[in-house]
Protein chains: 2
Amino acid sequence: MSMSATAVAHPNIAFIKYWGNKDQKLRIPMNGSISMTLEGLETRTKVAFYPEMERDQLTIQGKPIYGEGLERVSRFLERVRRWSGNSEYARVTSQSNFPMGSGIASSASAFAALSLAASTAAGLSFTERELSRLARTGSGSASRSIPGGFVEWQAGTEHENSYAFSIAGPEHWELVDLVVVISTQPKETGSTEGHKLAPTSPLQDARVSDASRRLNLCRSAILERDFEALARIVEQDSNMMHAVMMTSQPPLFYWRPATVRMIRIVKKWRKKGLPVCSTIDAGPNVHVICLQEHSKTLKKRLLDIPDVEDVYTTYPGGGAYLLCRSSSGESEG
Amino acid sequence: MSMSATAVAHPNIAFIKYWGNKDQKLRIPMNGSISMTLEGLETRTKVAFYPEMERDQLTIQGKPIYGEGLERVSRFLERVRRWSGNSEYARVTSQSNFPMGSGIASSASAFAALSLAASTAAGLSFTERELSRLARTGSGSASRSIPGGFVEWQAGTEHENSYAFSIAGPEHWELVDLVVVISTQPKETGSTEGHKLAPTSPLQDARVSDASRRLNLCRSAILERDFEALARIVEQDSNMMHAVMMTSQPPLFYWRPATVRMIRIVKKWRKKGLPVCSTIDAGPNVHVICLQEHSKTLKKRLLDIPDVEDVYTTYPGGGAYLLCRSSSGESEG
């Protein structure tokens, strides 16, 4: 008899970013981070353990995955097997409704959904905190895609105390993240490799030691729904992460001409009084954060800008959730 | 009887940049810097002192200048008057063969030429070191436009020990700086105001305390004519300065879409084996550093890139020099 489970998780956009690890293997971050979970984008992942399988299998967007992609998932499932005592191999099927590996945190939603699906299928009943820790070991930012709404990941010092929790529910503030897709080409350097380069930048230590100031400002701005304060700290934090990336050795330069065009336009709009700001993850795409009342107008204006391929409208969303669970493995998630 | 003098100076491109002052008034910099003096671009400045004048007069590019521009030059001439004992006001006429205030260091060549012309017309015979110190009080980077070739400005701690000197003559290395003009619009925030914002960036201290490492790497790369080493440190240093600018409060964001397009293209060319790198001062324009043997081909390729308005070819040049000197004030420089 096989066990299966299907889970759904959303990506998240970091307002205070994660870059660099204290512990590379366990992904214990150098600094805490704050994010918003993004309803409207999702990854749905089914995990089914089968006694007769001889190795794990992985399918993403309908395509079988081998090599490093499969190994990363296998290493992750190894943890689940160790904790559950279940030694069976699994078939993992994952589907996202947005492009992967291009700076929209696909690994966050993917490992969050995988954590919930795999632990459930393995017979474990994890709390949110346990799931967040597990997700973190697959992809750091995935720890933040387990809780919903506005989320803080406390850096911690070891596996036990490094996890994310909600600081306000999705209904707390009607923010919108307009995800401006500039390029869907996969990025040249993935985040896992990128994090390893963080300590080679002469600016990383300063970025890390300043993090509690930024976390405090961002947390207060969210709790007080103070858009102008949020905008200032979100843009500064994004520039600080990209500063470290650009000055690491070798440098990581994720920005494209259209990225800078967006940064400048958003600044100009805010100067004219519109509550809007921008932030950029490890890729060229720009997340334009605004209030719901302006999101439709802004989306139209964004789509008129050259090199903008698409704009996704996303909202503060709920945490990872289970879609279905079966002990036969026959039902399709 | 009036005294006049006409001097010529070149701008310079900083390989290790100056950003932020220990002493704002004397422009004692937070960190040392290294530059190349740029033959091909120049400012020619005539200073004539007249006993009958009631205030200083300034003409730049044929236009009379009033307000802050005139006051800055007047404050500078005040120093010269104090040192020389000459209390006459001056007529200053300045002409550059390149656009001003757009990130090509026009204030560097302008204050270097002004230092030499004003001190000479006032009857002072300054050494190169004295001129460099004087120029620094007008515009920090002007201290580096007094000597020729490859120049280091030692930060120092006070007026006496903060000056620039040549570390290698112009003939030392056949580098070319292709100045890619992206926009000739004057920048929104001038450098003088910008320097004051440097301490508000959480990254400035790290940038400053890492400066001696960068200066050592850059100086060695120049002395050993090691282009690859120069390229790495020049690009890192430029990104570090812009990192501080972007993260200061309020942030200074000088890059435009075309700036990033250039950064990326230059990186790609170097990856393919071409000795070329880029660096950006406080403006949108990009300085593309290459070897003389490739400069013609590269210039053509640069001119084909969208949004590139013009490309100036510049070489390591000599220091500031006197064009003429007269005790009647009748001869035109």
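Residues numbered from 1 in each chain as written. Chains lettered and ligands numbered in written order. Predicted model: local features only at pLDDT ≥ 70, side-chain atom pairs only at ≥ 80, totals over all residues. Heavy atoms only, no water.

(A) Highlighting the relation of the copies chain A and chain B. Least-squares fitting of chain A to chain B yields an RMSD of 0.0 Å, with the superposition described by an axial translation of 0.0 Å and a rotation of 180 degrees. What we have between these two chains is a two-fold relation. Across chain A, the smallest distance between a C-alpha and the rotation axis is recorded for P257 of chain A, namely 1.9 Å. The fraction of interface residues of chain A whose copies in chain B are also interface residues reaches 100%, indicating that both copies meet through the same surface. (Least-squares fit on C-alpha atoms with pLDDT ≥ 70 in both. Contact = heavy atoms within 4.5 Å.)

(B) Structural detail: the side chain of N239 of chain A. The topology assignment puts N239 of chain A in helix α7 (residues 227-246). According to the relative accessible area criterion, N239 of chain A is buried, its value standing at 7%. Here the side chain of N239 of chain A touches M246 of chain B through a polar contact of 3.3 Å, landing on its backbone oxygen. Ignoring sequence-local partners within four residues, the contact set of N239 of chain A consists of W255 of chain A together with M246, T247 and F253 of chain B. (Helix = DSSP H or I, 4+ residues; strand = E, 2+ residues; numbered from the N terminus. Buried < 20%, exposed > 50% of the residue type's maximum accessible area, 1.4 Å probe, protein only. Polar contact = N/O pair within 3.5 Å; in protein donor to acceptor, adjacent residues only side chain to side chain.)

(C) Layout of the side chain of S143 of chain A. Residues and elements named next belong to chain A. Counting through the fold element by element, S143 comes out in the loop between α3 (128-138) and β10 (150-154). Its relative accessible area of 0% is what places S143 among the buried residues. Other than its neighbours up to four places away in sequence, S143 contacts S132, A135, R136, W153 and A164.

(D) Expanded view of the nonpolar core. By size, the foremost hydrophobic cluster in this structure holds 49 residues, and its most contacted members are W255 of chain A together with W255 of chain B. At the level of elements, β12 (175-181), α8 (257-271), β14 (286-291) and α9 (292-303) of chain A together with β12 (175-181), α8 (257-271), β14 (286-291) and α9 (292-303) of chain B are the ones that each hand at least two residues to this core. Beyond its immediate chain neighbours, meaning those up to four positions away, W255 of chain A contacts N239, H242, M246, V260, I263 and I280 of chain A together with M246, F253, W255, V260 and R264 of chain B. (Core = buried A, V, L, I, M, F, W, Y, C linked by side-chain atoms within 4.5 Å.)

(E) Quick look at the pattern of salt bridges. Residues and elements named next belong to chain A. Evaluated as defined, the whole model comprises 30 salt bridges over all chains. The salt bridge involving D237 is made with R214; its shortest N-O contact spans 2.6 Å. Highlighted residues: D237 in helix α7 and R214 in helix α6 (residues 211-223), separated in sequence by 23 residues. Classification of R214 as buried rests on a relative accessible area of 0%. (Salt bridge = Lys/Arg side-chain N within 4 Å of Asp/Glu carboxyl O.)

(F) Representation of unusual backbone geometry. Q249 of chain A connects to P250 of chain A through a cis peptide bond whose omega is 0 degrees. Note that P250 of chain A resides in the loop between α7 and α8. For R225 of chain B, which is not glycine, the phi dihedral falls at a positive 50 degrees. In this fold, R225 of chain B is placed in the loop between α6 (211-223) and α7 (227-246). Positive phi is not limited to glycine here, since D307 of chain B has a value of about 75 degrees. Within the fold, D307 of chain B resides in the loop between α9 and β15 (310-316). A residue is classified by how much of its surface remains accessible, and D307 of chain B, at 44% relative accessible area, is partly exposed.

(G) Spatial organisation of the sheet that holds strand β6 (residues 43-50) of chain A. Residue and element names in this part refer to chain A. Strands sit in the order β8-β7-β9-β6-β1-β16 across an open sheet of 6 strands; the sheet is mixed. Two strands close off the open sheet at either side, each with one partner strand: β8 (63-64) and β16 (321-326). As judged from the 8 bridges shared by β6 and strand β9 (residues 89-96), these two strands associate in the antiparallel manner. Among the inter-strand pairings, Y50 is bridged to a residue of β9, identified as Y89. Packing of helix α1 (residues 67-84) onto the sheet brings it into contact with β6, β7 (57-60) and β9, and relative to β9 it is tilted by some 120 degrees. (Pairing = 2+ DSSP bridges. Axes fitted to C-alpha atoms, helices over the stretch in contact; angles between N-to-C directions.)

(H) Just α6 of chain B, in detail. Residues and elements named next belong to chain B. The terminal C-alpha atoms of α6 lie 18 Å apart, and with 13 residues this matches the ideal 18 Å at 1.5 Å per residue to within 8%. Among all positions in α6, only A211, R214, L215, C218, A221 and I222 are buried. Buried residues along α6 cover an arc of 135 degrees about the axis, so they all sit on one side. Packed against the buried residues of α6 are β2 (12-16), β5 (33-39), β10 (150-154), β11 (163-168), α5 (204-209) and α7. (Expected span 1.5 Å × (residues − 1). Arc of directions from axis to C-beta.)

(I) Focus on α6 of chain A. Tucked into the core, α6 of chain A has its buried residues touching β2 (12-16), β5 (33-39), β10, β11 (163-168), α5 (204-209) and α7 of chain A. One or two steps after α6 of chain A, the chain reaches R225 of chain A, where phi turns positive at roughly 50 degrees.

(J) Just the interface of chain A and chain B, in detail. With 25 residues of chain A in contact, the opposing surface of chain B contributes 25 residues. A combined buried area of about 2,400 Å² lies between chain A and chain B, and 65% of that area is made up of carbon and sulfur atoms. Looking at the side of chain A facing chain B, the largest losses of area belong to F253, P257 and R264 of chain A, adding up to 26% of the total buried there. Between chain A and chain B we count 8 residue pairs in polar contact (both at pLDDT 80 or more) in total. Those elements that provide at least two residues to the side of chain A that touches chain B are α5, α7 and α8 of chain A. Counting residues per element, the side of chain A that touches chain B draws most heavily on α8 of chain A, which supplies 6 residues. Looking at the side of chain A that touches chain B residue by residue, the classes come out as 13 nonpolar, 4 polar and 8 charged. (Buried area = accessible area lost by both parts, 1.4 Å probe. Nonpolar A, V, L, I, M, F, W, Y, C, P; charged D, E, K, R; others polar.)

As far as function goes, none of this settles anything; it's purely spatial.
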